[in-house]
Amino acid sequence: MLPDSVAKRDLLWAEHKTPPNYAQYGEQFLKEGWLADAAEFFGRADSEPKLREVMKLAIREGDASLVGRLAQIRAGLVATSDWSECAREAERLEKWSYARAAWEKAGDAGKAAAAQAKALVALGYTIQKAVTNESGAAGDRPAP
């Protein structure tokens, strides 16, 4: 059984006389598909091969957020080519916000803007639908 959020926090960040087997917890989370939690434990276990395994899965899912977290856990783990691949997968899966974020990290502003535009279309947002006052203050609404 996986630890709950409080137990997970304590395992990762509390001081231990005998440190827990971080890699074992990472494997458990990975097996259950909890990639972000697995990454945290593999980071604490200092297991670059396992972090790379999680990164491959994150890229395959187009999960720019998790790829970004992996970049924070291990400096130098994520290359520009990884960001580009993540962005392409996010586009394939129509995860436009993730695609935008990954293209930005890859340094391609044009593709990031295109993904942002697709995200807005997917959300149904157009300039014509925008209200003049998004705060909703009654005094700024036109009379019916």
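Residues numbered from 1 in each chain as written. Predicted model: local features only at pLDDT ≥ 70, side-chain atom pairs only at ≥ 80, totals over all residues. Heavy atoms only, no water.

## Some details on unusual backbone geometry
A positive phi angle, near 60 degrees, is found at Asp46, a position not held by glycine. Structurally, Asp46 can be placed in the loop between α3 (35–44) and α4 (48–60). (Helix = DSSP H or I, 4+ residues; strand = E, 2+ residues; numbered from the N terminus.)

## Here's the deal with the nonpolar core
Residues Val54, Leu66, Val67, Leu70, Trp83 and Trp103 are the most contacted members of the largest nonpolar core, which totals 31 residues. Every element with two or more residues in this core is listed here: α1 (5–13), α2 (22–32), α3, α4, α5 (64–73), α6 (80–92), α7 (96–106) and α8 (109–122). Excluding anything up to four places from it in sequence, Trp83 contacts Ala64, Val67, Gly68, Val78, Ala102, Lys105 and Ala106. (Core = buried A, V, L, I, M, F, W, Y, C linked by side-chain atoms within 4.5 Å. Buried < 20%, exposed > 50% of the residue type's maximum accessible area, 1.4 Å probe, protein only. Contact = heavy atoms within 4.5 Å.)

## Here's the deal with α7
Along α7, the residues classified as buried are Trp96, Ala99, Ala102, Trp103 and Ala106. What you see down the axis of α7 is that its buried residues fit within an arc of 125 degrees, all on one side. Against the buried residues of α7 lie α5, α6 and α8. Following α7 by one or two positions, Gly107 adopts a phi angle in the positive range, close to 90 degrees. (Arc of directions from axis to C-beta.)

## With respect to the packing of α6 against α7
The description of two packed helices rests on the angle between their axes and on the distance between the axes. One can describe the packing of α6 onto α7 by two numbers: an axis separation of 8 Å at closest approach and a directional angle of 160 degrees. Between α6 and α7, the angle falls in the class roughly antiparallel. As α6 runs across α7, the sense of the crossing is left-handed. Contacts between α6 and α7 pair Thr80, Trp83, Ser84, Cys86, Ala87, Arg88, Ala90 and Glu91 from the former with Trp96, Tyr98, Ala99, Ala102, Trp103, Lys105 and Ala106 from the latter. Tallied by class, residues from the contact of α6 with α7 come to ten nonpolar, two polar and three charged. (Axes fitted to C-alpha atoms, helices over the stretch in contact; angles between N-to-C directions. Parallel < 35°, antiparallel > 145°, perpendicular 65-115°, else oblique. Left-handed = near helix turned anticlockwise from the far one by under 90°. Nonpolar A, V, L, I, M, F, W, Y, C, P; charged D, E, K, R; others polar.)

## Structural notes on the pattern of salt bridges
One pass over the full model with this rule turns up ten salt bridges. Across the pair Glu40 and Arg69 runs a salt bridge, and its minimum N-O distance is 2.6 Å. Of the two residues, Glu40 is situated in helix α3 and Arg69 in helix α5; the sequence distance between them amounts to 29 residues. Under the relative-accessibility criterion, Arg69 is labelled partly exposed at 28%. Between Glu104 and Arg100 there is a salt bridge, with the nearest N and O atoms lying 3.1 Å from each other. Here Arg100 and Glu104 lie together in helix α7, a separation of four residues that amounts to about one turn. The class of Glu104 is partly exposed, set by a relative accessible area of 48%. Taken together, the shared-partner salt bridges connect Asp46, Glu48, Arg52 and Arg74 into one network. (Salt bridge = Lys/Arg side-chain N within 4 Å of Asp/Glu carboxyl O.)

By themselves, these are just geometric observations and shouldn't be taken as functional.
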